[in-house]
Amino acid sequence: MSLLEVVGLRTEIETRGGRVRPVDDVSFSVAAGETLGLVGESGSGKTMTGMSIIRLLPPGGAVVGGSVRFDGVDLTALDDDGVRRLRGNDIAMISQDPMTSLNPTRTIGSQLREAYRIHRHGSRQEADARAVEVLELVGMPRPRERLAAFPHELSGGMRQRVMIAIGLVCEPKLLIADEPTTALDVSIQAQILELLDDLKRRLSMAVVLITHDMGVIAGHADRVAVMYGGRIVEEAPTRALFADPQHRYTEALFESMPDLELDRQVDLATIPGTPPRLVALGPGCRFAPRCRFAQDDCRSADPDLVAVGTDHEHACFHPRGTTTTADLPRRRRREVAQGAGASGPVLEVTDVHKRFELRRRGLLGPRRAVQAVSGVSLQVHAGETLGIVGESGCGKTTIGRMLVGLEQPTEGTIAFEGSSFAGMGRLAFRRRRRDLQMMFQDSAAALDPRMTVAACVAEPLVAQQVGTRAERAAVVAELLDAVGLPADAADRYPHEFSGGQRQRIAMARALALRPKVVVADEPVSALDISVQAQILNLMRSLQDRFGLTYVVISHDLSLLKYLADRIGVMYLGRLVELGTSEEVYGAPRHPYTAGLIESIPLPDPTLERGSAALGGELPSAVDPPSGCRFRTRCPRATALCAEEVPVLAPDGDLHAVACHHPLTGAQPARTPLDLQPQGSEPR
Amino acid sequence: MTVPLLGTARPAGRARGGLGRVVPVVLVVLVLVLLLAPGLLSRTGPVDTTDAFLSPPSAEHWFGTDQLGRDVFSRTVFGARPVLLASLLGVLVAVVAGVALGVLAGAAPRWLNAVLMRAVDVLLALPVLLIALILIATAGSGVRSIVIALGVAFTPGFARVVEASVRRLRTAEYVQAAHVFGSTGLRTAVRHLLPNLMTEVVVLASSAVGWAVLTASTLSFLGLGVQLPQPDWGSDLAAGATSLATSWWLATFPGLAVTITILLANFTGDQLMSALDPRDGLRLRQSMPRLLGRRPAGPAEPGRSTGPVTTNRDGAVG
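Residues numbered from 1 in each chain as written. Chains lettered and ligands numbered in written order. Predicted model: local features only at pLDDT ≥ 70, side-chain atom pairs only at ≥ 80, totals over all residues.

The test is simple: UniProt positions are given in the numbering used here, feature names are shortened, and annotations may be inferred rather than shown by experiment.
With an unreviewed UniProt entry as reference, chain B is termed Peptide/nickel transport system permease protein, source organism Microlunatus flavus. Taken directly from UniProt, the Sequence similarities (unreviewed entry) text for chain B runs: "Belongs to the binding-protein-dependent transport system permease family." Heading Subcellular location (unreviewed entry) of the UniProt record for chain B holds this comment: "Cell membrane".

Labelled according to an unreviewed UniProt entry, chain A appears under the name Peptide/nickel transport system ATP-binding protein, originating from Microlunatus flavus. We quote the UniProt Sequence similarities (unreviewed entry) comment for chain A here in full: "Belongs to the ABC transporter superfamily." Within the UniProt record for chain A, the comment given under Subcellular location (unreviewed entry) is "Cell membrane".

Spelled out as structure tokens, the structure:
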């Protein structure tokens, strides 16, 4: 008997744009001690499904059909009070962003007590005791002291632990985790997912894990339901789904993920188009407009879920099993003489430091500064793609901003084609900017909402006073075509486009001045997987076409493995490893790189998973550890690491690493102190 | 991954027809008539006397007459001009000065920002009436003094709002993007900051007009604005206030006029707020065709050559 049984659930939301049906005839069940993964892109209705169960719908939303049986009780028949008694008591929910779901003005102790006393009516002492207990359960160090802490005093990972603790206060039977790790770094994500697994086992909870990340699902769900357009299109035990996906959407999702084994010379498979808007949909399979196997019956009738194996169901008229899969002709990249060493460096970063001054504590407190970047040297060669990877707060974005001249280094120099930015006249600097462009992470924020697409794309030309009005219009038309947007896009406004299309517009704008180098800061991290692949392919084809040099900044290693020729790994303001992407992935030399690679959730359920590879948290950049900054989390750290800053040095044929005890290659003999290079400051 | 993305879709059935389009047009016309040609609304002049003294509202005299036989309707209509002129001009002065000050302070280095904003704080601490009294005492009474007083009094409000927005917008990615492709500071301010500030400024301005009308009327009520016998809501209100028990219409109609004007100003602010939203409202650059009911050039069928787009663009600009 399942703990939660959802049958034919339908939810509708009244909006100005019409009646949206984000959950349309969804059925599934979850047993105690089981994790059901609910996976899908944004707008597929997975969050709304979770919200419908506990009836926390946005204004105008209502469950209009179906039933939700939880522990023998029909939730759809309960009144609001009844549902409220269940929420936080028998059913807990963890949401995506621990920053906004904790009240910043109250201590975590009081928020934990509140959760307890609403349902248990215990005394303050009992509530405190329970709060300490659950904080211990979620692996919070020194839980009793933390009761008095405010949310902003904790790191993102710790805040998510507090959120989970609040959920666990009343020993729920069902935990709905809505993208519990999306806002966290990979190493912290691995810790939190492991914690959820462990809690599920110990408390024999049922877990509904809502996520867009196939890798997360593979390692942590027992069964998976794939959602698309408000419907479950395929449901199967995790292993069966990953080994033999039947629905064409599931298949396409797997194909469009950049994973570590991918051939870099081949374009990613993409799903054309964008997910449907769930307003006034006609009959027919919702995926049909984007499906390359769609036929007439797909467009005229809704496919129902059919069973194909033990617990394996899919809703597709032409599943993968019935037709032989014709391999898509994928564009192979032109073999160009790539990157490293082929030509001289275009960008040269020499021992760059960046400090951000902080406000003093008190009137006469010591000067404090965040060491965002401390002593990074690297070169970018013409025509290559350099990836910079690291967790949030490692200084990778600051490096990118310094490369395009948005920030000036506190110390050190950045030179483009041999001439340094510092000391360059204003006018010369402005001209120089033509060669260095940037793509921002959030395409919605990077385009002025009050300008048409044509004006946005032409703006760099206007600012640099290039060409006449007619010439600029011609350039805009050409660029829009190059990034795959229809010509009529020119007169529309950015908000009329989807995220992927907006990123194309941003790309067109970045290319307007025919730059030599484009710095892309997390270019696809805000996009859905299927759209990600489109943008990545576009970036690569534009690189071939315009001879671009890319510096791609990302937290996603599998993406960089696919996109980058060389990769630099950053940790807390320092470059710790630099090599070709094959080298860095195949034989990481720095323990941090190895840990990062191990933390990536792989979309392969058959892999055995060890414990989270990187324990602990990123130390504060205001007061970084002495010597090697990674030593506080490093399993190989010795006394030497605390004393001496390791220098980024190549070792024979091996790629460069900044570590006293690298994983491969000879351990360097202890360098005599008088030979200590310039780059290491005593701290 | 949160709520389904509905923002990308243009709302289909937004009721922008009928009333929503007619009311602003009527309002603009009414204000223009009151300012330029109040004679169109009233046959008799504001200072023309008739034989009827203190007659209550009738078909002949809609708002009644006063002690000297002057038509109250006519005085209310003609009295709009000094009040509206003073408050609109005063707010205009405040908008120009406040936006300039706010953009300057918002884009300035920290020390200059501190100096400017503290100066603004000092101005904000001075009551409007005090500023007006000082000005009138030194420069004499009249519309000009009221305009200057209102301008000085309302500038700090605009400056503060604009300064806060500029500081927020400076870190917006599209402003940073403008830096990256080498846009100068002034150009960025004109192309990116001002258009994105306009919503707040316009909305704030329209409610400021309401306050300005109240202040201007107060000054006239105190005898510091327009001098009798010239018509003015404030002074007429003061003149009629003493005989409210016997001839209620004398004070009531100018008072109602003040109230309705303030209400309309605030209502206009609400309307502008939604109309200026770049997502589904009017845009400043193409507002007129929209206002007149024409849809903007809809998406052309895909696959058309790039030719029409360029000609379209040039045509629209030229």
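### A look at the overall build of chain A
Definition in use: Runs of E in the DSSP output that reach at least two residues are strands. Runs of H or I that reach at least four are helices, and both are numbered from the N terminus. Atoms considered for the radius of gyration are the C-alpha atoms alone. The globule rule reads 2.2 Å times the number of residues to the power 0.38. To sort residues by exposure, count the other C-beta atoms lying within 10 Å of each residue's C-beta; 20 or more gives buried, 12 or fewer gives exposed, and values between give partly exposed, all with C-beta atoms placed from the backbone. Here contacts are defined at the residue level, using C-beta atoms placed from the backbone and a cut-off of 7 Å between them.
Across its full length, chain A holds 23 helices and 24 strands. Its C-alpha radius of gyration of 27 Å places chain A within 12% of the 26 Å reference for a compact globule of 683 residues. By its C-alpha atoms, chain A is 75 × 65 × 50 Å across when sized along the principal axes. Expressed as a percentage of the 683 residues in chain A, the buried residues total 50%. Considering only residue pairs separated by 6 or more positions, chain A has 69% of its internal contacts joining residues 24 or more positions apart.

### Quick notes on the sheet that holds strand β18 (residues 436–439) of chain A
Residue and element names in this part refer to chain A. Convention followed: Strand pairing is assigned whenever DSSP identifies at least 2 bridges connecting the two strands. Only the stretch in contact is used when a helix axis is fitted, and all axes are lines through C-alpha atoms; the angle between N-to-C directions ranges over 0 to 180 degrees.
On the basis of which strands lie adjacent, the open sheet formed by 8 strands has the order β18-β19-β20-β15-β21-β22-β24-β23 and mixed pairing. Each end of this open sheet is capped by a strand with a single partner; those strands are β18 and β23 (649–651). Taken pair by pair, the neighbouring strands of this sheet meet at an average axis angle of 20 degrees, ignoring direction. Taken together, the 5 bridges between strand β19 (residues 517–521) and strand β20 (residues 549–554) define a ladder with parallel strand orientation. Paired with alanine 520 across the two strands is valine 552, which belongs to β20. The strands touched by helix α18 (residues 499–511) within the sheet are β18 and β19, with β18 carrying the most contacts at an inclination of about 175 degrees.

### Focus on helix α6 (residues 173–180) of chain B
Buried residues dominate α6 of chain B, accounting for 6 of its 8 residues. As for α6 of chain B, its buried residues are in contact with β18, α15 (443–446) and α16 (453–463) of chain A together with α5 (143–170) and α7 (185–221) of chain B. One or two residues past the end of α6 of chain B sits glycine 182 of chain B, with phi positive at roughly 80 degrees.

### Section: the UniProt feature "domain: ABC transporter" (unreviewed entry) in chain A
As recorded in UniProt, the sites labelled "domain: ABC transporter" (unreviewed entry) are residues 4–254 and 347–597 of chain A. For the annotated span residues 4–254 of chain A, helix accounts for 40% and strand for 28% of the residues, and the straight-line distance between the end C-alpha atoms is 28 Å.

### Let's talk about the UniProt feature "transmembrane region" (unreviewed entry) in chain B
Residue and element names in this part refer to chain B. Listed under "transmembrane region" (unreviewed entry) in the UniProt record, and renumbered for this structure, are residues 21–41, 83–107, 119–137, 143–162, 201–228 and 248–269. Between the end C-alpha atoms of residues 83–107 there is a gap of 35 Å, over a span that is 100% helix and 0% strand. Counted over residues 143–162, helix gives 100% and strand 0%. Its end C-alpha atoms are 27 Å apart.

### Notes on the sheet that holds strand β5 (residues 73–74) of chain A
All names here are of chain A. Strand order in the open sheet formed by 4 strands is β2-β1-β4-β5, and the pairing between neighbours is antiparallel. The outermost strands of the open sheet, each flanked by one partner alone, are β2 (18–30) and β5. Here strand β1 (residues 4–15) pairs with β2 via 9 bridges, running antiparallel. Considered in β2, the bridge of arginine 10 is made with aspartate 24.

### A short note on unusual backbone geometry
All names here are of chain A. Backbone geometry at arginine 142 places phi at a positive 45 degrees, although glycine is not the residue there. By secondary structure assignment, the location of arginine 142 is in the loop between α5 (124–137) and α6 (143–146). On the basis of neighbour counts, which here come to 10 C-beta atoms within 10 Å, the residue arginine 142 falls in the exposed class.

### Looking at the domain arrangement of chain A
All names here are of chain A. To be explicit about the condition: Where each domain starts and ends follows an automatic or database-derived domain assignment. Following the grouping adopted for this structure description, the nonpolar residues are Ala, Val, Leu, Ile, Met, Phe, Trp, Tyr, Cys and Pro, the charged ones are Asp, Glu, Lys and Arg, and the polar ones are all others, Gly among them.
When its domains are assigned, chain A resolves into domain 1 (4–90 + 171–314), domain 2 (104–169), domain 3 (345–571) and domain 4 (581–675). Domain 1 and domain 3 are separated by 35 Å when their C-alpha centres are compared. If you look at the interface, domain 1 gives 21 residues, while domain 3 gives 17 residues. Where the side of domain 1 that touches domain 3 is concerned, the elements lending two or more residues are α8 (186–203) and α11 (248–255). Per-class residue counts for the side of domain 1 that touches domain 3 are 10 nonpolar, 6 polar and 5 charged.

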